[in-house]
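What follows is the residue order along each chain.
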Amino acid sequence: MNFFTSTFSKLTEKPWLAQSAGTFDQGVIEYQAGYPGKTALKFFIAVVTVIFFLFSVTYLSRSQYADFQALGGEPWSPLYQPLWLWVNTGWLLLASLSLHFAVGQVSETKLNRLLGLLTLGVIFSLFFLFGQWSVWQQLYLQGFSINSNPANSYFYLLTAIHGLHLLGGLFALARVLVIFSRKVKLDILQRSLVLCAWYWHYLLLLWLFIFALLTASPSTYNTIAAWCGL
């Protein structure tokens, strides 16, 4: 009789109900606390990457037309030695590093250092945006306006979109500073800060790609276009 009772109990067992309510609730809490922000950021980065990839394909395709005059690669090109773009890259690198190190300063004993690194991240980002604007002004004064050459149009377009994304990131970083000022739990502050640091690292990598694309030589465009069958 005991054998049949034990067998019936095994057959009707529902292991998914054996998990205690406390364990289930903890899982839900951990999911809600950690993953929605990361998932949203990953989705957003994927969308932005696709947009810039499509712009890059059209740029390479447009480079094969006779009226396309590359901005770099030749001694007479305005971006043959893009010193100011390198300087701006340095500003963005410093901003990314500031946020990276700020993540490691989220503790009760390092709040002043954390605030200092966040402030540096904002300042370096503003320097980058101002530097990009200065490069725009230099190109315009040299006669490379937005509608005088397809390469010029792409330069203004890609740098403007990248700058707008960085400007949006600054608003997100301002939210982190508000969280910091309200003295909320440090784990909440750290989660928001980690997302900002990831976003800045992504913008730095994206800018390096745009930089290489816009300053390449005509022969490089022809080679890549031939590989891609454009």
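Please refer to the structure placed before this passage.
None of these values were measured; they are calculated from a predicted model. Residue numbering note: each chain is counted from 1, following its sequence as written. Selection of residues for local features in this predicted model requires a pLDDT of at least 70, selection of side-chain atom pairs for listing and counting requires 80 or more, and totals for whole chains, interfaces and linings are taken over all residues. As a convention, hydrogens and water are excluded, and side-chain values are obtained from all of the structure's heavy atoms.

S.K.: I'd love a proper account of the nonpolar core, names of residues and values included.
M.R.: Ranked by internal contacts, the top residues of the largest apolar core, which has 53 residues, are Y59, L114, L118, F155, L193, W200 and Y221. Where helices and strands are cited, they refer to DSSP runs of H or I of at least four residues and of E of at least two residues respectively, numbered from the N terminus. For this core, the elements supplying multiple residues, two or more each, are α3 (21-62), α4 (83-103), α5 (111-141), α6 (150-181) and α7 (186-214). The element that contributes the greatest number of residues to this core is α7, accounting for 15 residues. As used here, the term nonpolar core means buried Ala, Val, Leu, Ile, Met, Phe, Trp, Tyr and Cys residues forming a set that is joined through side-chain atoms within 4.5 Å. Whether a residue is buried, partly exposed or exposed follows from its accessible area with a 1.4 Å probe, protein chains only, as a fraction of its type maximum: under 20%, in between, or over 50%, in that order.

S.K.: Can you break down the side chain of S125 residue by residue, with the values?
M.R.: As for its position among the elements, S125 is in helix α5. Contacts: residue pairs with any heavy atoms within 4.5 Å of one another. Apart from residues lying up to four places away in sequence, S125 is in contact with A95, L166, L170 and W200.

S.K.: Can you break down the environment of A212 residue by residue, with the values?
M.R.: Note that A212 resides in helix α7. Given the relative accessible area of 48%, A212 is considered partly exposed. As a C-alpha pair, A212 and G72 span 140 residues in sequence and 9.7 Å in three-dimensional space.

S.K.: How would you summarise the pattern of salt bridges if you had to cite specific residues and measurements?
M.R.: Salt bridge, as used here: a side-chain nitrogen of Lys or Arg that lies within 4 Å of a carboxyl oxygen of Asp or Glu. Counted by the stated rule, this structure contains two salt bridges. Salt-bridge contacts for R62 lead to D67; the nearest nitrogen and oxygen are separated by 2.7 Å. Accessibility expressed as a relative area gives 41% for D67, which makes it partly exposed. As a salt-bridge pair, D187 and R191 come within 3.9 Å of each other at their nearest N and O atoms. Here D187 and its partner R191 are both found in helix α7, four residues apart, which amounts to about one turn of the helix. Using a relative accessible area of 41% as the deciding quantity, one classes D187 as partly exposed. Owing to a relative accessible area of 34%, R191 belongs among the partly exposed residues under this scheme.

These figures capture arrangement, not role.
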